[in-house]
Amino acid sequence: MPGRLTTHVLDTTQGCPAANMTIQLWRIDPTKGPLCLKTTHTNAHGRTEEALLADEEMIAGIYELLFFVGAYFAGQPLATKLPEPLFLDQVPIRFGIADPQAHYHVPLLVSPWAYSTYRGS
């Protein structure tokens, strides 16, 4: 099976998938710097409709997922209880792809005040 990069986002405050969250994928080139590869949104299940990278797009290197959590939480029912400025606005997760043939899954569990991630399956 060819390699691919996927993600999903869970809203731990409300106990549900984070639907319609904007996500950017960046490749960090050591000589040219950051390059935005794509911008997408999560679906009703907190996932992107397609893999962020797949097949020949999978190249070993350093990448960053940028999750726009502030805009997501601003549109939720709890928005009136959030401080200004927000504690979390954009959450970057920088990671390496060593094996382009492998599946890399990078989930985000997030609230307005904390987040965690791991390499999933």
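Our structure's up above, just so we're on the same page.
Residues numbered from 1 in each chain as written. Predicted model: local features only at pLDDT ≥ 70, side-chain atom pairs only at ≥ 80, totals over all residues. Heavy atoms only, no water.

Undergrad: I'd like a rundown of the overall build of the chain, residues and numbers included.
TA: Assigned secondary structure in the chain consists of 1 helix and 11 strands. Sequence-ordered secondary structure for the chain, helices as α and strands as β, is β-β-β-β-β-β-β-α-β-β-β-β. The C-alpha atoms of the chain give a radius of gyration of 15 Å, which matches the 14 Å a tight globule of 121 residues would have. Going through the 121 residues of the chain one by one, you find that 41% of them count as buried. Long-range pairs, those at least 24 residues apart, make up 64% of the contacts in the chain between residues at least 6 apart in sequence. Total accessible area on the chain stands at roughly 6700 Å², and carbon and sulfur atoms take up 56% of it. (Helix = DSSP H or I, 4+ residues; strand = E, 2+ residues; numbered from the N terminus. Rg over C-alpha atoms; globule rule 2.2 N^0.38 Å. Buried < 20%, exposed > 50% of the residue type's maximum accessible area, 1.4 Å probe, protein only. Contact = heavy atoms within 4.5 Å. Areas by Shrake-Rupley, 256 points an atom, 1.4 Å probe, with all protein chains shown as cover.)

Undergrad: An account of the pairing of strand E5 (residues 33–41) is requested, with residue identities and associated values reported.
TA: Sheet analysis places strand E4 (residues 22–29) next to E5, joined by 8 bridges and oriented antiparallel. Note that in E5 the partner of Ile28 across the bridge is Pro34. Between E4 and E5, which pair antiparallel in sequence order, lie 3 residues. (Pairing = 2+ DSSP bridges.)

Undergrad: Describe the environment of Trp113, and please don't skip the residues or the numbers.
TA: Note on placement: Trp113 falls in the loop between strand E10 (108–110) and strand E11 (115–117). By relative accessible area, which is 46% here, Trp113 ends up partly exposed. For the pair formed by Trp113 and Leu88, sequence separation is 25 residues and the distance between their alpha carbons is 6.3 Å. Each residue touching Trp113, except ones within four places of it in the same chain, is listed here: Thr13, Leu82, Pro83, Phe87 and Leu88.

Undergrad: Tell me about the packing of aromatic side chains, residues and numbers included.
TA: Per the counting criterion, the structure on display carries 2 aromatic pairs. Ring centres of Tyr63 and Phe95 lie 6.2 Å apart, and the angle between their planes is 25°; this geometry places the pair in the stacked category. Taken together, the residues Tyr63 in strand E7 (residues 61–67) and Phe95 in strand E8 (residues 91–97) connect sequence positions 32 residues apart. As far as burial versus exposure is concerned, Tyr63 and Phe95 are alike and both buried. Judged by centre distance (4.9 Å) and plane angle (70°), the ring pair of Tyr72 and Phe73 falls under edge-to-face. When its relative accessible area of 5% is taken as the criterion, Tyr72 is described as buried. Relative accessible area serves as the criterion here: at 2%, Phe73 is assigned to the buried category. The ring of Tyr104 carries Arg119 above its face, with NZ or CZ at 3.8 Å from the centroid. (Phe/Tyr/Trp six-rings, centres within 6.5 Å; stacked < 30°, edge-to-face > 60°. Lys NZ or Arg CZ within 6 Å of the ring centre and 35° of its normal.)

Geometric descriptors of this kind do not, in isolation, establish any biological role.
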